[in-house]
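# Topology and contacts: notes
These are the residues of each chain, in order.
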Amino acid sequence: FNLSRGMTLKNAAALLPYGGGKAGIVLPDGDPPTPEQREQIMVSFAMLLKRYRSVYRPGPDVGTSDIDMGTIAICNGLDSAVSKPKDFGGNRIDELGAAGVGTVVALAAILHEMPRLAAHPFFGPSYQLPAPNDVTVMIQGFGAVGAHAARATKLLLPGSRVVGISDEFGYLYCPDGLPIEELFSLWKEKRPVTPSFFQNTRQPTGSCPRIKFSTCPNDMLREDAFCLIPATPLWNYVDPSGSTDPCVTTAKMGRWQLVVEGANTYSPLQERRAQRRRMEIELFTNRKILVVTDYLVNSGGVIFASQELGIPTPPHLQFPPESLGNPTLAAQWLADHQIEFNTLCEKRQTAAERWRAEAIETNMREFIDTLLAK
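Structural notes, computed from the coordinates. (Residues numbered from 1 in each chain as written. Predicted model: local features only at pLDDT ≥ 70, side-chain atom pairs only at ≥ 80, totals over all residues. Heavy atoms only, no water.)

Ranked by size, the top nonpolar core spans 51 residues in total, and within it Ile-110, Met-114, Leu-183, Leu-258, Leu-290 and Met-364 carry the most contacts. Met-114 has contacts with Tyr-127, Leu-129, Phe-226, Leu-258, Leu-290 and Ile-368, leaving out every residue within four places of it along the chain. Counting residues in hydrophobic clusters, the runner-up holds 19 residues, among them Val-163, Ala-225, Val-238 and Met-279. (Core = buried A, V, L, I, M, F, W, Y, C linked by side-chain atoms within 4.5 Å. Buried < 20%, exposed > 50% of the residue type's maximum accessible area, 1.4 Å probe, protein only. Contact = heavy atoms within 4.5 Å.)

Structural data, given as structure tokens:
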């Protein structure tokens, strides 16, 4: 329910005409399913969804992937699921890092808008922002969102430095900047990123002479950076009170100027809304830290997925009836029409990149407009 409400707000903020309904698959305790078992689970799930095709189109989230959406499409039709693999003409939000890149689009956009805050009495003319080559970023959670956000930071904000990353095994921090491509490669290899990297570079030489490693991921939030990107779905990553068991309390947090939320943190529950209000009052009113909520910046995934509906598969490329539910025939159909599916893929990706930039940049401009109007 919390996630569905947040996703609905996210779609609305991106001007997408969709709701945020979510579905989940509960697996029994024990070992994870084999690839064959996983495929059969997705086929069974597709059969359950078949009657709702006109109102519900699933996309990948925690625990599912673009490949899983391809399995559903083979069962129910090419436009019955979104964020499919490239050979389906899909916009594959996981592979392209659509959400993670979107958070950095937001960071670049708000950096462009923030100098206007000096005109507001609350901030005043002494309000200081770093030069572009002095922008430092920490990313909490080096997964599907965080890893792509780190990589995009180097591409969209040349000269900036990602100084900290964390994953479930620990955190790395280096004020000189971390070697993101090397870390991204470790993540792609599905290796424990933070301990693997530190074990290979524990000598104080090379690109990170001042690197720090800890096996406590939450302690990264005690470090300093211009911007924190929380990219793991923890609603209480910071709290003035320790009663909610936050990752860090405001008394112990590092020095930041900006938080760009890259994970779903919204909740309509009264208790969590009260906690959120406490956190925002402490960070913004008392510390002048801007907190840009997730549904304004973390919409890259839904934007990319939506283009598969906004630019539907042409009728002549739809699976013929005999291919539905038959992976062999479906694979042959995709191979026979691969050039056309590649063209469709490129068209959808171009449209998604344009929509993402326009929607998130507009959100950041209006965010600052709202602050200046108060």
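What follows continues from the structure just given.
Inspection of the entire model under this criterion finds 17 salt bridges. For Arg-116, the salt bridge goes to Glu-113, with nearest N and O atoms at 2.9 Å. Judged by its relative accessible area of 30%, Arg-116 falls in the partly exposed class. With a relative accessible area of 11%, Glu-113 lands in the buried category. Measuring nitrogen to oxygen at the nearest pair gives 2.8 Å for the salt bridge that ties Glu-280 to Arg-276. Taken as a pair, Glu-280 and Arg-276 lie in helix 9 (residues 270-286) at a separation of four residues, close to a single helical turn. (Salt bridge = Lys/Arg side-chain N within 4 Å of Asp/Glu carboxyl O. Helix = DSSP H or I, 4+ residues; strand = E, 2+ residues; numbered from the N terminus.)

Looking at the secondary structure, you find Ser-83 in the loop between helix 3 (66-76) and helix 4 (93-96). Exposure remark for Ser-83: the relative accessible area of 0% places this residue in the buried category. On a C-alpha basis, the gap between Ser-83 and Leu-290 in space is 32 Å, while along the polypeptide they are 207 residues apart. The residues touching Ser-83, leaving out its near neighbours within four places in the chain, are Pro-60, Asp-66, Met-69, Arg-92, Ile-93, Asp-94 and Glu-308. Of note is the side chain of Ser-83, whose polar atom sits 2.8 Å from the side chain of Asp-66. (Polar contact = N/O pair within 3.5 Å; in protein donor to acceptor, adjacent residues only side chain to side chain.)

This part is about the packing of aromatic side chains. Scanning the entire structure with this criterion turns up six aromatic pairs. Between the aromatic rings of Phe-122 and Phe-123, the centroid separation amounts to 5.1 Å while the plane-to-plane angle is 90 degrees, which identifies the pairing as edge-to-face. By relative accessible area, which is 27% here, Phe-122 ends up partly exposed. The exposure class assigned to Phe-123 is buried, which follows from its relative accessible area of 5%. Where Phe-198 meets Phe-213, the ring centres are 5.1 Å apart and the plane angle is 25 degrees; that geometry is what we call stacked. In this pair, Phe-198 sits in helix 8 (residues 193-200) while Phe-213 sits in strand 4 (residues 212-214), placing the two residues 15 residues apart along the sequence. Through a chain of ring-to-ring contacts, the aromatic side chains of Phe-122, Phe-123, Tyr-127 and Phe-284 assemble into a single cluster. (Phe/Tyr/Trp six-rings, centres within 6.5 Å; stacked < 30°, edge-to-face > 60°.)

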